[in-house]
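Okay, here's what each chain looks like letter by letter:
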Amino acid sequence: MTDEIDLFGNPVRPGRGQRGRPRFEVTPEIRNKIKLGLALGWVNDRIAGAVGISAATLKRYFRAELKARDLARDQLDLRRFELVMAEANKGNVGAIKELGKMLERNDQMTAGRRFEAAQEQPARDKPTKALGKKEAAQLAAENAGGEGSLWGSDLTPGWRPN
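## Describing the nonpolar core
Step number 1: Of all hydrophobic cores here, the largest spans 13 residues; its most connected members are I34, I53, L58 and F62.
Step number 2: Only α1 (28–39) and α2 (44–51) provide two or more residues apiece to this core.
Step number 3: Ranked by the residues each element gives to this core, the list is headed by α1, at four residues.
Step number 4: Non-local contacts of I34, meaning those with residues more than four positions away in its chain, are made with I47, V51, L58, F62 and E65.

As structure tokens, this is what we get:
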């Protein structure tokens with residue numbers, strides 16, 4: 001690789017006046033850019049375009065990173081916590097405040113996930129069995145009357161209008 005870089009910090013690959021395309025070389029900088037794109041939730045085509053390679057080259061050389069796509073955001077967040085915590089331990093007041101904000105956001109996300117899981121739990125516990133016509137009609141008839149329906153108590157047995 002040459003030491004030349006373009007406007008965006010990408011290395012300029014040699015190739016002018018030579019036959020064929022030079023083989024792609026993986027560098028730690030490119031690998032970090034791929035991981036950052038995955039952490040930001042970018043699709044493969046967008047990451048490949050930003051790095052300056054084709055989607056096929058991305059899939060060929062960065063297969064392991066692409067498999068860990070779901071973990072990339074968590075790894076990024078953990079690294080951010082690590083850096084802010086290190087600065088807070090040094091006594092940096094701004095880092096202490098930022099750590100507090102990050103912890104609060106993390107607690108809100110955790111509580112939201114627990115709430116969503118609790119809402120989904122009853123739906124998973126009930127077996128979903130397809131009802132036949134007769135069972136569905138019987139269930140509809142049982143639920144038709146009562147306080148929660150549009151009919152109110154009009155369909156309750158033994159009730160007579162005045």
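After that view, the rundown keeps rolling.
## Notes on the environment of A72
Step number 1: Mapped onto the secondary structure, A72 falls in helix α5 (residues 69–89).
Step number 2: The exposure class of A72 is buried, given its relative accessible area of 8%.
Step number 3: The spacing of A72 and L38 is 34 residues in sequence and 6.0 Å in space, taken between C-alpha atoms.
Step number 4: Contact partners of A72, with chain neighbours within four places excluded, come to K35, L38 and A39.

Parameters at a glance
Residues numbered from 1 in each chain as written. Predicted model: local features only at pLDDT ≥ 70, side-chain atom pairs only at ≥ 80, totals over all residues. Heavy atoms only, no water. Core = buried A, V, L, I, M, F, W, Y, C linked by side-chain atoms within 4.5 Å. Buried < 20%, exposed > 50% of the residue type's maximum accessible area, 1.4 Å probe, protein only. Helix = DSSP H or I, 4+ residues; strand = E, 2+ residues; numbered from the N terminus. Contact = heavy atoms within 4.5 Å.

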